[in-house]
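Each chain, written out:
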Amino acid sequence: MTRGRLKVYLGAAPGVGKTYRMLDEARRRAARGADVVVGVAECHGRPHTEAMLGGLEQLPRTPCAYRGGGYTEFDVSALLARRPEVAVVDELAHTNVPGGGRNAKRWQDVEELLAAGIDVVTAVNIQHLASLNDVVEKITKVPQAETVPDEVVRRADQIELVDLPPEGLRRRMAHGNIHPPEKVDAALADYFRPGNLTALRQLALLWVADRVDEALVAYRSEHRIGGVWETRERVVVALTGGPEGDTLIRRAARIADRAAGGDLLAVHIARSDGLAAGASYAALARQRQLVEDLGGSYHSVVGDDVASALVEFARAENATQLVLGTSRRRRLERFLTGRGTGETVVARSGDIDVHTVTHERAGHGTLLPSRRRTLSRTRRVAGPVAGLLLPLALTWLLAAEGARSALDLTSEALLFLLAVVGVACIGGVASAVVASVTASLLLNYWFIPPIGHFTLDEPNAVLAVAVFAVVAATVAAVVDRSLRLSRRSARATAEAETMSSLAGTIVRGGATIPALLERTREAFGAEAAELVALGDGRERDHHEPSGRAGGGRAPTTLTRVPAGPAHELVLRGRQLPAADRRVLTAFAAHVGAAVERARLAEAVAEVEPVKAADRMRTALLRAVGHDLRTPLAAGWAAVASLRSADVDFSADDRAELLATADASMARLNRLVENLLDLARLEAGAVRLDLRATALEEVLPGALDTLPDGAAGIEAGDLQEVPPVLADPPLLERVLANLVNNAARHTPQGRKVVVTASAHAGRVEVRVVDRGPGVPAGDRERLFEPFQRLGDTDNTTGLGLGLALARGLTEAMDGTLAPEDTPGGGLTMVLSLPFAPALHVPHHQAVTPA
């Protein structure tokens, strides 16, 4: 079956008219003869939007019940049975009422329709996209509970942005076209502030622009289009790891910033053998951080031809401009070696603009490794000596009577060539040249006629000596280069293994600062590794193995490298060569990153309690503004009526008003007590009187708190279980909150069941309701203060009952956890320890965890 096509109207903000545009699309398709059915359209009482439903077939919604409330939901089964050509389904991010449909989310309903071959037209606002949910909450301070995965919207065949300037949307709101008049002022002062609407509009435009960019890339790839389409300014800066990198990055960032929405991409071309010289990996790590700080992205590409790899990367990214540094080669080097990478890139760039940026290293020579990096002092001395002595020793052996008669000139020349290769292995190409010249002279004097003279009578002899010298020098150069590459390869492998091990430690989460310092000390054979704060000279962290400290130690060298903006890594021990210092700089970058992560973690830990307190204060203000006002208003009205001299109340009316006032004040007293108890509990100001407490003694007091008309209670035989160690009044409060919560969610005609059992030194009390239950993912939210998860009646309390119950239970060394009730519902399990047989009551202060 051919999959249906999806069209999404994406709203930049609520009220921009996405539902209106969606229904307008449905009317146009119906006018063209398409079979269109409106599965669900949320008009929110807006007359202009409701008028658009005229003439369209609408599918009846299916009724459903949830926690005592009646709802209607989209009937996807009926729509699948109807099988229209086009289905209109509004509110793509909507969460279906549990048990009210085939799927949990409406976007899953839409996926079923598409899979059945039905075209779907839908609508959703930008704040409901999952990737932007947290950003929108930061901007508007309003959490969005309903989200839709970005991928669902990205897969749409068409996405049409519905947008409106902020002032136009606010005017529409002021005219009453979005919210009822009584809500307009609050909405304009809160969610619909100009700054909020501008930010939401920008988010929507950027998200849609990325989607359009993806479609463009797919189109270019499908049609094999290699040329640059300048639909967006994309600037690529090439980095070598040299000191000029920072200058190039900042220049490229300025070029990208000149065009709104320009992209900055930094790329480093690494050789496939990993042996490129002159690249500082510490500098590349620092430059990568700079690129990311400037809003760009960093890429590493493998390629032996730097110019070709750079141009291919730029074309693959649809880059419009390339930024390169001026060559560091001197004029003579450029003359001898031909054009460099920059000139080659310019020749191959085609329609990509190339910027060559000068810098302080331009024309000052390349940063090549010195000879000292490959040969030790001993080998540099031993090489020339071997180049003189080894050919002489070989001549002495070959000049003996037995050897001269057994070997011909060809064998003798090959032995001299072997000696030259051996010298090249010892001292490199310079020593091999010395050996080649020495061997050529000795071969001429002792073995080529006329023997004993440096003259050559035959042209063939002259040619043989010349060829021998050239071959010897060439073989020596090849051997020397091979040894150099082998040493560099071994060094690179060792560095890569060391860095890989360090990175693995970081990825596995074991990269504490002392652990990184210990790894650094071990890797470089140092006596100690320290992390010192810059400026004050004080140690931040220090690691020195046991047995190293103390007197009698030989003088050591301190090696210092920067580790982030505020610290430096100090190694105490041997003098490090330049190659080791380069790797040490990379280690220091990891240590600096670990310090920064630790600092950020500390900052987050400090901020989190403040955020929690702020959320608590906000929830408290919202709850107090509504829930405390309700009983206060009822009691006030009853008392005011009784005091009124204008009405002559009968005895029954007076008694009813007094009962109302009494019930309201009792309810208000309970709410205030809950607030005060929770505050005392969090402040550690509650004192517990722990003693042996029988459940059958405290449960009746808890049941007395149930309101009239609440569900009945069925209590098991609580005398069968031993007493628990608890504070009797607080245990009664816990049971009262649990029973009241269960009764509130238990349907009419069903009872709340309270049972108790003993096991492994603890008593478990189960309060069982037969309500709709709570999804497993939402159960911990039950214990958050001011949380009424699933309550449809917001006048039933502050939402403190379960939070207070868990807090008091844990203060008494107990636990409170929810479980599923077999057959449907929720069971609260209260677990408390046995009371000792001869327990003496004692007082215990509760301290916050």
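Values in this document were obtained by computation on a predicted structure and should not be read as measured data.

The rules we used
Residues numbered from 1 in each chain as written. Predicted model: local features only at pLDDT ≥ 70, side-chain atom pairs only at ≥ 80, totals over all residues. Heavy atoms only, no water. Buried < 20%, exposed > 50% of the residue type's maximum accessible area, 1.4 Å probe, protein only. Helix = DSSP H or I, 4+ residues; strand = E, 2+ residues; numbered from the N terminus. Pairing = 2+ DSSP bridges. Core = buried A, V, L, I, M, F, W, Y, C linked by side-chain atoms within 4.5 Å. Contact = heavy atoms within 4.5 Å. Patch = residues over 30% accessible without salt bridge, like charges linked within 9 Å, V, L, I, M, F, W, Y side chains within 5 Å. Areas by Shrake-Rupley, 256 points an atom, 1.4 Å probe, with all protein chains shown as cover. Salt bridge = Lys/Arg side-chain N within 4 Å of Asp/Glu carboxyl O. Lys, Arg positive; Asp, Glu negative; His and termini not counted. Charge placed at Lys NZ, Arg CZ, Asp CG, Glu CD. Axes fitted to C-alpha atoms, helices over the stretch in contact; angles between N-to-C directions.

Draft legend 1. Region of the structure containing the pairing of strand β17 (residues 567-573). Burial runs high along β17: seven of the seven residues are buried. Of the two faces of β17, both are covered, the one formed by His567, Leu569, Leu571 and Gly573 as well as the one formed by Glu568, Val570 and Arg572. Across six bridges, strand β14 (residues 528-533) lies against β17 in antiparallel orientation. Bridge assignment links leucine 531 to a residue of β17, and that residue is leucine 569. The loop that links strand β16 (residues 557-562) with its antiparallel partner β17 comprises four residues; one of these, glycine 564, has a positive phi angle of about 90 degrees.

Draft legend 2. Molecular detail of the nonpolar core. Grouped together as the largest cluster of nonpolar side chains are 63 residues, with contacts concentrated most on Leu113 and Val148. For this core, the leading source of residues is helix α9 (residues 194-222), giving six residues. Look past the residues within four positions of leucine 113 in its chain and what remains in contact with it is Phe74, Val76, Leu79, Leu80, Ala87, Val89, Ile118 and Val120.

Draft legend 3. Region of interest: the environment of valine 120. Along the chain, the position of valine 120 falls in strand β7 (residues 119-125). Sequence-distant contacts of valine 120, that is, excluding residues within four places in its chain, are made with Arg5, Leu6, Lys7, Ala87, Val89, Val110, Leu113 and Leu114.

Draft legend 4. Seen up close, a negative patch on the surface. On the surface, Glu696, Glu697, Asp717 and Glu720 cluster together into a negatively charged patch. Relative to the assigned elements, glutamate 720 resides in the loop between β19 (712-715) and β20 (724-726).

Draft legend 5. View of the pattern of salt bridges. Evaluated as defined, the whole model comprises 25 salt bridges. Across the salt bridge formed by lysine 7 and glutamate 160, the nearest N and O atoms sit 3.4 Å from each other. Of the two residues, lysine 7 sits in strand β1 (residues 6-11) while glutamate 160 sits in strand β8 (residues 158-162), which places them 153 residues apart along the sequence. The buried category is assigned to lysine 7, whose relative accessible area is 7%. A relative accessible area of 23% places glutamate 160 in the partly exposed class. Within this structure, Lys7, Arg21, Asp24, Glu25, Arg28, Arg29 and Glu160 form a network of salt bridges that share partners.

Draft legend 6. A look at the sheet that holds strand β10 (residues 263-270). Sheet architecture is open: five strands sit in the order β11-β10-β9-β12-β13, paired in parallel fashion. With partners counted over all chains shown, the strands left at the sheet margins are β11 (297-302) and β13 (353-357), one partner each. Here the average twist between neighbouring strands, direction ignored, is 25 degrees. Pairing between strand β9 (residues 234-239) and strand β12 (residues 321-325): three bridges, direction parallel. Across the sheet, residue valine 235 finds its bridge partner in β12, namely glutamine 321.

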